[in-house]
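As a plain string of letters, each chain reads:
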Amino acid sequence: MLTYVIRRMGLMVFILLGVSVITFSMMHFVPGDPAEVIATERYGEEITTETIEFVRAELGLDQPVYIQYFRWLTNVLRGDLGYSFRTDRPVLDEILTRLPATVQLALAGMLVALLIAIPVGIVSATRQYSAVDNISMFGALLGVSIPNFWLGLLLILFFSLYLGWLPVFGRGGIEHLILPALTLGTGMAAITTRLIRSSMLEVLGQDYIRAARAKGLKEKVVIYKHALKNAMIPVVTIVGLQFASLLEGAVIAEVIFAWPGIGRLLVDSIFARDFMLIQGCILFIAAMFVLVNLLVDIFYTYLDPKIHYEAK
Amino acid sequence: MHDLVTKIIEGRRPLTEVFRRLKKHRLAMIGAAIILALVLIAVLAPFIAPHDPIEQNLEHRLLSPNTEYLLGTDNLGRCILSRLIHGASVSLQIGVMVVGIAAFVGVTLGLIAGYRGGLTDELIMRIVDILLAFPGIILALAIAGILGPSLYNVMLALAVIGWTSYARVVRGAVLSVKEKEFVEAARALGTGEARIMFRHILPNVMAPVIVMATLGMAHVILAAAALSFLGLGAQPPTPEWGSMLNDGRAFMRSAPHLTIFPGLAIMVTVLAFNFLGDALRDILAKA
C-alpha cells in the first residue's frame, strides 16, 4: 500500500512537471513576438521599441528558453504566478479569490448529480428492462447529449424569465445557486446513473447476493445493505474522475450565470488576452485535477481491500 | 474501459453479423437515420435553405416563426432555418476533421507504442498521461484562447487533446493482440515490422476505435459548439450552432426562438451519434 502511494506520488510529480512544461510553452505560441504583444496589452498601442525591449528584459524573454522555464518554475514553486496585466494584482490572489465560488458550485453540482443518479440507478438496476429502466436509460442518454450551455439558457428562460422564480445571474443566497447547480449536475447525473446501474447489476449477479436471498433476507435488506455497499466502490472512483467534467462544466455555468469563479476568470482572461492569468488558471486547474485524481486513487485502495496495487 | 476493449476484441464479430444486429437495434437505426438526414441536409444546404444564411435584412429582424421564415429571424434579420441548415455542414465538418485527425494520430502512436514497447512506449504513454492531466475542454479553451479565436484553432485544440484516448486504447489492444499466433506466424515468415503492425495487428484492434470514433463525433461536435458558444470558435457571420446560441442570448426575453432552435439542433445531432455509438459498443462487446 505504502509503496503504491509513494510510486503514485512520484508519478504525480512527473506529471505536474509535464503540465508545467506545457503551460509554460503555451506563452510561446502566442502569435507574434510575445514581448511586443505583452507590451501592447500592458501599455496600449503606442509603444516604442524601448518599451518592448524593457518588457522583454523584465520578463526574461531575452534569455534562452530553458533558463526562462527554470526561472518561471522556481517562481511558481514559490507561489509566484506573475501579475495580471489587467488588474496588476498577483495571479495567485486573483485565483484564490475566485476559488470558493467554484468549489461551492462544483459541490452543489455534484450533490444534484448524486441526488438524481443514486435512486434512479438503483431502481433501474433492480428492475432491469422494465419501463422504468428504459425510460431512465433514455433519459440518461438525453442527459449526456444535451449541451449544458443550452440547458442553462433554457432554465433561465423558464424559471427566471417566464416564471420569475429564480434570479438570472450572480452569486448570493441559495436561490442563486439552484440554476447553475442544475446546469452543472445534469450531465454528470446522466453518466453516474448509468454507472450505478451497471455496477449494481454486476453485484446483483454475485453469489453472495444469491446467498443472502437464499437465507430469506428481505429484498430491501439485500439491495440496500448487501448490494449497494459493494456497488458503490467503482462509483466512488468515477465520481472522483468526474471532477474533470465538473470543472469543464463549471466554465460554462459560470459564464452563463455570471458566477464569479475560476472558470469565468479564465474565459475573461482569454478575451482580455491576459496571458499570465490564462497560464496561472490552467496550471492551477490542472494541478487541482491531478491532486484530486491521486486522492481518489488512494481512497479507492482503502475502500476495496481486494485491490493489490503492488502486484500491478 | 480496458475490460470492454478486451471484450470487443475477443468478440471479433464478422462485419455482416454486426450489421445484422445493428439493423435490429431500434435506437441505433434512429441514430443512423438522423445522421444520414444531417449529411443530406449539409450537402444539399445551398439548394434546400429557403434564404441566404448570411444575408442581413434589418426590416425583418427578430421575427417570430412565421410562414415566410419558418423558424423566425435573428437580430440581423437572417433566416434561422437557413442558418441552421448551413450550420449542419459546419458541425459535421468539424466532427469529421477532428475525429479523423485525432484517431489517425492516436491509432498510429498507440500501435507503435504497443508493438515496440520499451522506451518508445514509455515516451508516448507519458505524453498521454500528461495531456490527460488537463481537463480536456479547459486545455482546448486555453489553446484556442492563446492562438486567437477561430474555428481552425478550435479544431486544432480539440485534435491536440483528442488523440490521447485513441492511443491509450489502441496500445492496450495491441498488447493483447501481438502475442497471438497469427502475429507470431507472420513474424516467423519474415514479414516486416510495419506490415505486421498495419496489416496484421491494426485490423484486429479497429473495433474499439470505431466505437470511440462514433462517440467521439458526439463529443467533438458538442465541445466545438461549447467553445463557439463562449466566443472562441466560429466567428461571424459563419452560421455555427454554438455561436448562434451565443448571439441569441441577448434577446432571450424578446426572441426565445433564437435560443431554442440552435440548441435543439446540437442536441439532436449529438444524441444521434450517441445512439449509434452506444449500440455499436453493446453489439461489439457482447461475447
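The structure this text deals with has already been given above.
Since the model is a prediction, treat every value here as computed from it, not as a measurement.

The rules behind these values
Residues numbered from 1 in each chain as written. Chains lettered and ligands numbered in written order. Predicted model: local features only at pLDDT ≥ 70, side-chain atom pairs only at ≥ 80, totals over all residues. Heavy atoms only, no water. Helix = DSSP H or I, 4+ residues; strand = E, 2+ residues; numbered from the N terminus. Buried < 20%, exposed > 50% of the residue type's maximum accessible area, 1.4 Å probe, protein only. Areas by Shrake-Rupley, 256 points an atom, 1.4 Å probe, with all protein chains shown as cover. Lys, Arg positive; Asp, Glu negative; His and termini not counted. Charge placed at Lys NZ, Arg CZ, Asp CG, Glu CD. Contact = heavy atoms within 4.5 Å. Buried area = accessible area lost by both parts, 1.4 Å probe. Salt bridge = Lys/Arg side-chain N within 4 Å of Asp/Glu carboxyl O. Polar contact = N/O pair within 3.5 Å; in protein donor to acceptor, adjacent residues only side chain to side chain. Nonpolar A, V, L, I, M, F, W, Y, C, P; charged D, E, K, R; others polar. Core = buried A, V, L, I, M, F, W, Y, C linked by side-chain atoms within 4.5 Å. Axes fitted to C-alpha atoms, helices over the stretch in contact; angles between N-to-C directions. Parallel < 35°, antiparallel > 145°, perpendicular 65-115°, else oblique. Patch = residues over 30% accessible without salt bridge, like charges linked within 9 Å, V, L, I, M, F, W, Y side chains within 5 Å. Phe/Tyr/Trp six-rings, centres within 6.5 Å; stacked < 30°, edge-to-face > 60°. Left-handed = near helix turned anticlockwise from the far one by under 90°.

Before going further, it helps to examine the overall build of chain A. The helix and strand inventory of chain A stands at 13 helices and 0 strands. Listed by position from the N terminus, the elements making up chain A come as α-α-α-α-α-α-α-α-α-α-α-α-α. When its C-alpha atoms are laid out on the principal axes, chain A stretches across 85 × 60 × 30 Å. Residues classed as buried in chain A amount to 48% of the 312 residues present. For chain A, the accessible surface area stands at approximately 15,400 Å², while carbon and sulfur atoms represent 66% of it. Of the side chains in chain A, 24 bear a positive and 25 a negative charge, and the two mean positions are spaced by 18 Å.

Along the chain, Pro236 of chain B connects to Pro237 of chain B via a cis peptide bond; the corresponding omega equals 5 degrees. Phi at Ala258 of chain A is positive, roughly 45 degrees, even though this residue is not glycine. With respect to the secondary-structure elements, Ala258 of chain A resides in the loop between helix H11 (243-256) and helix H12 (262-271).

What follows concerns the environment of Ile122 of chain A. Residue and element names in this part refer to chain A. With respect to the helices and strands, Ile122 occurs in helix H5 (residues 91-126). The class of Ile122 is buried, set by a relative accessible area of 6%. It is 9.5 Å that separates the C-alpha atoms of Ile122 and Ser199, two residues lying 77 residues apart in sequence. Dropping the residues within four chain positions of it, Ile122 is found in contact with Ile196, Met200, Ile223, Tyr224 and Leu228.

Often, the extent of an interface is quoted as the loss of accessible area on bringing the components together. Counting residues at the interface gives 44 residues for chain B, matched by 44 residues for chain A. Between chain B and chain A lies a buried interface of about 3,900 Å² when both sides are counted; carbon and sulfur atoms form 83% of it. Where chain B packs against chain A, one counts 1 salt bridge. Between Asp278 of chain B and Arg194 of chain A there is a salt bridge, with its nearest N and O atoms 2.5 Å apart. The interface formed by chain B and chain A contains 6 residue pairs in polar contact (both at pLDDT 80 or more). Sorting the residues of the side of chain B that touches chain A by element identifies helix H5 (118-132), helix H6 (136-147), helix H9 (193-229) and helix H11 (257-285) of chain B as the ones contributing at least two each. Broken down by element, the side of chain B that touches chain A gets its largest block of residues, 12 residues, from H11 of chain B. For the side of chain B that touches chain A, the residue count by class is 31 nonpolar, 7 polar and 6 charged.

Bringing the nonpolar core into the picture now. Ranked by internal contacts, the top residues of the largest apolar core, which has 158 residues, are Phe149 and Phe275 of chain A together with Leu141, Leu158 and Ile201 of chain B. Contact partners of Phe149 of chain A, with chain neighbours within four places excluded, come to Ile252 and Ile256 of chain A together with Leu222, Ala225, Ala226, Phe229, Leu245 and Ile266 of chain B. Formed by 31 residues, the second largest nonpolar core is a distinct cluster that contains Ala117, Leu204, Val235 and Ala253 of chain A.

Here the focus is the pattern of salt bridges. As a working rule, side chains carrying opposite charge can pair if their charged atoms are close by. Residue and element names in this part refer to chain B. Evaluated as defined, the whole model comprises 15 salt bridges over all chains. Across the salt bridge formed by Arg83 and Asp74, the nearest N and O atoms sit 3.9 Å from each other. Each of the two residues, Arg83 as well as Asp74, counts as buried. Taking the shortest distance from any N to any O, the salt bridge between Arg126 and Glu122 comes out at 2.6 Å. You can see Arg126 and its partner Glu122 sitting in helix H5, 4 residues apart, about one turn around the helix. Among the residues examined, Glu122 registers a relative accessible area of 41% and is labelled partly exposed. Overlapping salt bridges bring together Glu122, Arg126, Asp129 and Arg168 as one network.

Turning next to the packing of helix H1 (residues 2-26) of chain A against H5 of chain B. At their nearest, the axes of H1 of chain A and H5 of chain B sit 9 Å apart, and the two run at 75 degrees to each other. As the angle between them shows, H1 of chain A and H5 of chain B are arranged roughly perpendicular. For the pair H1 of chain A and H5 of chain B, the contacting residues are Phe14, Ile15, Gly18, Val19 and Ile22 of chain A in the first and Arg126, Asp129, Ile130 and Leu131 of chain B in the second. Along the lines of polarity and charge, the residues of the contact of H1 of chain A with H5 of chain B split into 6 nonpolar, 1 polar and 2 charged.

Residues and elements named next belong to chain B. On the secondary structure map, Ser91 appears in helix H4 (residues 80-116). For Ser91, a relative accessible area of 3% gives the class buried. In this structure, Ser91 is in contact with Ile221, Glu240 and Trp241, ignoring residues within four places of it in sequence.

Moving on, we come to a nonpolar patch on the surface. Residue and element names in this part refer to chain B. A cluster of nonpolar side chains, Leu36, Val39, Leu40, Val43, Leu44, Phe47 and Ile48, forms an exposed patch at the surface whose accessible area comes to about 700 Å². Looking at the element boundaries, Ile48 is found in helix H3 (residues 26-48). With relative accessibility at 41%, the residue Ile48 sits in the partly exposed group.

As a further point, take the environment of Ala287 of chain A. With respect to the helices and strands, Ala287 of chain A occurs in helix H13 (residues 275-303). In this structure Ala287 of chain A comes out as partly exposed when scored by relative accessible area, which is 26%.

Residue and element names in this part refer to chain A. Applying the stated criterion across every chain yields a total of 8 aromatic pairs over all chains. For the pair Phe24 and Trp72, a centre-to-centre distance of 5.5 Å together with 45 degrees between the ring planes defines the contact as tilted. One end of the pair, Phe24, is in helix H1; the other, Trp72, is in helix H4 (residues 65-77), and 48 residues separate them in sequence. Taking the relative accessible area as the measure of exposure, Phe24 reaches 9% and is therefore buried. We classify Trp72 as buried; its relative accessible area is 13%. Three or more aromatic residues link up through ring pairs in this structure, and these residues are Phe158, Phe159, Tyr162 and Trp165.

Between helix H6 (residues 131-145) of chain A and H11 of chain B, whose axes approach to 9 Å, the crossing angle comes to 125 degrees. Of the possible angle classes, the one that applies to H6 of chain A and H11 of chain B is oblique. Viewed along their axes, H6 of chain A and H11 of chain B form a crossing whose handedness is right-handed. Here H6 of chain A contributes Phe138, Leu141, Leu142, Val144 and Ser145 of chain A to the contact with H11 of chain B, which in turn contributes Met267, Val270, Leu271, Asn274, Phe275 and Asp278 of chain B. Taken together, the residues of the contact of H6 of chain A with H11 of chain B break down into 8 nonpolar, 2 polar and 1 charged.

On to H12 of chain A. Residues and elements named next belong to chain A. Of all 10 residues that make up H12, 7 are buried, and the element is covered over most of its length. Restricting attention to buried positions, one finds in H12 the residues Ile262, Gly263, Leu265, Leu266, Val267, Ser269 and Ile270. At the C-terminal side of H12, Arg273 shows a positive phi close to 50 degrees.

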